[in-house]
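The residues making up each chain are set out below.
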Amino acid sequence: MAEVSELIKERRRKLEGIRERGIKPYGGRFQRSHCLGEAVEIGDKVKVAGRIMALRSHGKTAFADLRDGSGQIQIYVNLDLLGEERYNLFGKLDIGDFVGVEGEVFKTRTGELTIKVENFTILSKSLRPLPEKWHGLKDVEIRYRQRYLDLIANEEVRKIFNLRSSLIKVMRQWLDERGFLEVETPMLQPIPGGAAGKPFRTHQDTLEMDLYLRIAPELYLKRLLVGGFEKVYEINRSFRNEGISTRHNPEFTMLEVYQAYADYQDMMKLAEELITHLAESLLGGIKFTYQGMEIDLTRPWRRLTFHQALKENYGVDIEEEDIKSLTEKIRSAGVKLEGEKVTRTALIRLLEKSLSSTSPTFVIDYPAFLCPLAKKKDESRAERFELFMGGCEIANAYSELNDPIEQRQRFQEQKLTDEEEELRGHHESKNPLDQTCSQEKMIDEDFIRALEYGMPPAGGLGLGIDRLIMLFTDSPSIRDVILFPQLRPEK
RNA sequence: GGGCCGCUAACUCAUCUGGUAGAGUACCGGCCUUUUAAGCCGGGUGUACUGGGUUCGAUCCCCAGGCGGCUCACCA
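Presented here is an overview of the structure given in this document. (Residues numbered from 1 in each chain as written. Chains lettered and ligands numbered in written order. Predicted model: local features only at pLDDT ≥ 70, side-chain atom pairs only at ≥ 80, totals over all residues. Heavy atoms only, no water.)

As for its position among the elements, Arg 67 is in strand β2 (residues 61-67). Although Arg 67 is buried, it forms no salt bridge, and the closest oppositely charged side chain is Glu 155 at an N-O distance of 6.9 Å. With near-sequence residues (within four places) excluded, Arg 67 lies in contact with Leu 36, Gly 50, Arg 51, Met 53, Gln 72, Leu 151, Ile 152 and Arg 158. (Helix = DSSP H or I, 4+ residues; strand = E, 2+ residues; numbered from the N terminus. Buried < 20%, exposed > 50% of the residue type's maximum accessible area, 1.4 Å probe, protein only. Lys, Arg positive; Asp, Glu negative; His and termini not counted. Salt bridge = Lys/Arg side-chain N within 4 Å of Asp/Glu carboxyl O. Contact = heavy atoms within 4.5 Å.)

Here's what the structure looks like:
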């Protein structure tokens, strides 16, 4: 720190002033009688603590607004009450400092309940000025980098993260009540599976082996179905080393649920009921607005086959057309494609465009080649759905493929197409990490072995929690619902 | 990774066509013993993201870089 701003120097001077009086500017435990959100009445003797959010000094008297995690209250100090020494010490306090106060509640002339401070304790001296009180903190870069400031300055942001916590709590409760068992499966995986996407690679020194941060928990949760657990779920982070956008953060939170003897139809019901329940308990209703779009969760939600969705909206017949006319039509619909490759993402973009202003829609029965882990409905289609809402992909589910022989074949086909793409030169990457890409397509032999022991038929559902919270809080970017989104380091 | 846009005081923002930066809040000093976006008087506290270039002169124009936002691409 070469240059320290005048404001910081000034606060350090005050800090020294406090120390010179033999007072510790960083206190310890402070026993409170009340939280600031609790109701108090005139005459109550209270002992509270919090951060000074505003100061109005009048010479021989002063008011300050004190805030803690539960609420805010005004405090009042005056010279007669505190004596000169203590009163001058109070003058060393700034907006941002933590202070504990003790006194009696009274009502001011303007009718505000206020604590008349008889004694106060400095709990923490703040050395940096807080963002401006009226306009708050708007600079998104500072908001994301220094989330603590965002939380201090912007109440709506605190509300978002409170809702996030409640949502996960309610979700757990709902699943627990229905007999689902919450489990934790490896984040560090020797073979990352269960989804697409480039994994993050790391290394375990003792075992002298490379490991990958999981891109999905799927293959481990299915092993638990093999093991005899019939209803399991996991709420936790997955990691994908892909592009970052308003809907993608390298680490994101997913719910994955598996239920034995069920299928994707059951998962549709589960998704409907769970999300409706979340909306009712957190938003107080099943209608809300996301970025100007009216979203209505009234059941049953629309079901649309993948085939229909593309045909109706774009005249694209995925079962009839060859790659060339398919890519042409996708392009003319305004979705860009790299090369001649029809990716799952391109198709999803297409769907998102047409479903963007609608209430929840299940797009069902995907082309089987797009879902190697799903049970086939017939030759070309798989029992899979994706749930779209507010123009965003929220959930994804299958009737889980439990035939070990077919599973191996489907993995191999997948591997083949990846190799084909390689040959076609679509992977002209010089990134050394891409070497792991071929590795990561390795078949998870233990997963196949588990299936060979027998996995009951099951439905499985993955739900993007961050995205659901975006919808519920009307947040335009996933960064608004993740406390510390990934950013490049400063300087 | 590509395209577009942005970066000015601690914060929120101005600064016209290139003439050397200014408001509010915050902060400092003064007055003020019930204020609440307290008030009144006085004070501008600055590496204009960084580094080059053009120019008599650059916050402004040009080039390179950094960080961020949006968007496109990638994400069985």
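Taken N-terminus to C-terminus, the directions of helix α6 (residues 218-226) and helix α13 (residues 445-453) make an angle of 25 degrees; their axes are 9 Å apart at the nearest point. Considering the angle they form, α6 stands roughly parallel to α13. The handedness of the crossing between α6 and α13 comes out as left-handed. Counted together, Leu 219, Lys 222, Arg 223 and Val 226 of α6 and Asp 446, Phe 447, Ala 450, Leu 451 and Tyr 453 of α13 form the full contact between these two elements. Of the residues contributing to the contact of α6 with α13, the split by class is six nonpolar, no polar and three charged. (Axes fitted to C-alpha atoms, helices over the stretch in contact; angles between N-to-C directions. Parallel < 35°, antiparallel > 145°, perpendicular 65-115°, else oblique. Left-handed = near helix turned anticlockwise from the far one by under 90°. Nonpolar A, V, L, I, M, F, W, Y, C, P; charged D, E, K, R; others polar.)

What follows concerns the protein's contact with RNA strand B. Taken together, 60 residues lie near RNA strand B, and Gln 74, Thr 110, Lys 133, Glu 141 and Ala 196 sit nearest. Those atoms of RNA strand B that come within 4 Å of the protein belong to sugar or phosphate at a rate of 60%. Leu 370 places a main-chain nitrogen or oxygen 2.5 Å from a sugar or linking oxygen of RNA strand B. Take Arg 479: an N or O atom from its side chain is 2.8 Å from a phosphate oxygen of RNA strand B. (Near = heavy atom within 4 Å. Polar contact = N/O pair within 3.5 Å; in protein donor to acceptor, adjacent residues only side chain to side chain.)

Next up on the list: the packing of aromatic side chains. All told, the structure shown has eight aromatic pairs when counted by the stated rule. With centroids separated by 4.9 Å and ring planes inclined at 45 degrees, the aromatic side chains of Phe 63 and Tyr 76 adopt a geometry described as tilted. With Phe 63 in strand β2 and Tyr 76 in strand β3 (residues 72-78), this residue pair connects regions lying 13 residues apart in the sequence. On the basis of an interplanar angle of 90 degrees and a centroid distance of 5.3 Å, the ring pair of Phe 90 and Phe 120 is categorised as edge-to-face. Here Phe 90 is found in helix α2 (residues 79-90), whereas its partner Phe 120 is found in strand β5 (residues 113-124), with 30 residues between them in sequence. Here Phe 90 matches Phe 120 in class, with each residue buried. (Phe/Tyr/Trp six-rings, centres within 6.5 Å; stacked < 30°, edge-to-face > 60°.)

The next thing to look at is the packing of helix α8 (residues 306-314) against helix α10 (residues 344-355). Between α8 and α10, whose axes approach to 10 Å, the crossing angle comes to 65 degrees. Like other packed secondary-structure pairs, α8 and α10 cross with a definite hand, here left-handed. Every residue of α10 that contacts α8 at Phe 306, Ala 309, Leu 310, Asn 313 and Tyr 314 is listed here: Leu 347, Leu 350, Leu 351, Lys 353 and Ser 354. Here the contact of α8 with α10 is built from residues that sort into seven nonpolar, two polar and one charged.

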